[in-house]
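Summary of structural features
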Amino acid sequence: MTRQRIMSGMRPTGYLHLGNYFGALENWVKLQNDYDCFFSIVDWHALTTGYEETKDLKDNIINIAVDWISAGLDPEKSTIFVQSAVKEIADLHLLLSMIVPLSWLERCPTYKDQLQQLKEKNITTYGFLGYPNLQAADILIHKADIVPVGEDQLPHLELAREIARRFNHMYGQTFPEPQAKMNQIKLLPGLDGRKMSKSYDNTIALSDSPDAIRDKVKTMITDPQRIKKTDPGNPNICSVYAFHKVFSEGIVKEVEENCKAGTIGCVQCKKLLAENIVTYMAPMYEKRIKLLEDKGKIIDILKTGNAAARVIAKQTISEVYEKMNMLELE
Ligand code: TRP
Ligand code: SF4
């Protein structure tokens, strides 16, 4: 039996952190055993909002590849590639733009939200309006059956399905309607208790060294009511405890009880946590060090992935040209 195909992507906008790992990447790592997976570094999508500041783009692409592979994406199992290396995606994006009504794009809730939120950037551009259309092209070029995403991406998935239906209706059955698969997430706050996010500078990066992790854990916000070590604490309002739930399986109960009883100090509690995070991330960190010893290998992995992604993309685009009665001459 052929395996179902999965496609997903992330924008290369800097380093990844534990929030990205437990929000998406951990899912992808598991999925690669059961599905035919395509994971795309979507640099064109990064440009839709970041077109003015492109100096880090090359580095960011390599860095996200290193983050992915060290976190467990396996180039032997999955196709890891760079969006802009597969020009057929741009070709499909253009053709789909002929049939996507402007109103579908303008109505998209993420579009309206982003226009509000990113006021400092001028994203009243053609490219940004077309963001979901480009995402549909990413998904449809690989005829993906399933797209693992976070909740924020559901409107884009719905649009991709509508675009697929419209194309199939006009030109004949071509694309499967991609199904969203919600990521199973483990909730991890940032170091300061807010959502973990690069823009808050409250993250633990996948690339942080063991000592960097130890230093960061020391700065974590705990229950502010606890002044003395013997004060009873409330673990439920403490980020350290939220982390323990993810990293300290065997001792969570103990931490909770000792915190409430005032029989463990926050300094000690943090030390326990830091070592558990370091242990958890050690295999990733080792893989990263190895990978970085041979940058050429990273490039080779991407080149191989690009070539594999192109094989499928070329088949799809030929079929699309044929269905649309375009003249395709070599
Ligand atoms: N828009 C997605 C995000 O911001 C990234 C993305 C681009 C994507 N193309 C995709 C996700 C195709 C899934 C499938 O997270
Ligand atoms: Fe948080 Fe641990 Fe301090 Fe309790 S003892 S407040 S869980 S750091």
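This text follows the structure it describes.
Residues numbered from 1 in each chain as written. Chains lettered and ligands numbered in written order. Predicted model: local features only at pLDDT ≥ 70, side-chain atom pairs only at ≥ 80, totals over all residues. Heavy atoms only, no water.

When the terminal C-alpha atoms of helix α1 (residues 18–31) are compared, their 19 Å separation across 14 residues agrees well with the 20 Å that a helix rising 1.5 Å per residue should span. The buried fraction of α1 amounts to 10 of the 14 residues, a majority that puts the element mostly inside the structure. For α1, the set of buried residues is L18, Y21, F22, G23, A24, L25, E26, N27, W28 and L31. (Helix = DSSP H or I, 4+ residues; strand = E, 2+ residues; numbered from the N terminus. Expected span 1.5 Å × (residues − 1). Buried < 20%, exposed > 50% of the residue type's maximum accessible area, 1.4 Å probe, protein only.)

Inspection of every chain in the model, using the stated rule, returns 20 salt bridges. Taking the shortest distance from any N to any O, the salt bridge between D36 and R5 comes out at 3.2 Å. Taken together, the residues span a long stretch of sequence, with D36 in strand β2 (residues 36–41) and R5 in strand β1 (residues 5–10) at a distance of 31 residues. Linking D56 and K55 is a salt bridge whose minimum nitrogen-to-oxygen distance equals 3.6 Å. Overlapping salt bridges, with partners in common, bring together E158, R161, R165 and E177 in one network. (Salt bridge = Lys/Arg side-chain N within 4 Å of Asp/Glu carboxyl O.)

Moving on, we come to the nonpolar core. Counting residues in each nonpolar core, the largest one holds 54 residues, and the members touching the most others are L18, L25, W68, L206, F243, F247 and I277. Beyond its immediate chain neighbours, meaning those up to four positions away, L18 contacts L188, M196, I204, L206, F243, F247, I277 and M281. Of all hydrophobic cores here, the second largest spans 42 residues; its members include F81, C108, A136 and V320. (Core = buried A, V, L, I, M, F, W, Y, C linked by side-chain atoms within 4.5 Å. Contact = heavy atoms within 4.5 Å.)

Further remarks concern the site of ligand 1. As a structural note, the neighbourhood of ligand 1 is formed by 13 residues, with R11, Y131, Q135, D138 and Q153 the closest of them. One nitrogen or oxygen atom from the side chain of Q135 is found 2.9 Å from a nitrogen atom belonging to ligand 1. D138 is positioned with one of its side-chain polar atoms (N or O) 2.7 Å from a nitrogen atom of ligand 1. Expressed as a share of its isolated accessible area of 370 Å², the protein-covered part of ligand 1 is 92%. Of all elements in the fold, only β1, α8 (131–141) and β4 (146–149) reach the threshold of two or more residues within the shell around ligand 1. The element that contributes the greatest number of residues to the shell around ligand 1 is α8, accounting for 4 residues. (Near = heavy atom within 4 Å. Polar contact = N/O pair within 3.5 Å; in protein donor to acceptor, adjacent residues only side chain to side chain. Areas by Shrake-Rupley, 256 points an atom, 1.4 Å probe, with all protein chains shown as cover.)

The values reported here are purely geometric and, on their own, carry no functional implication.
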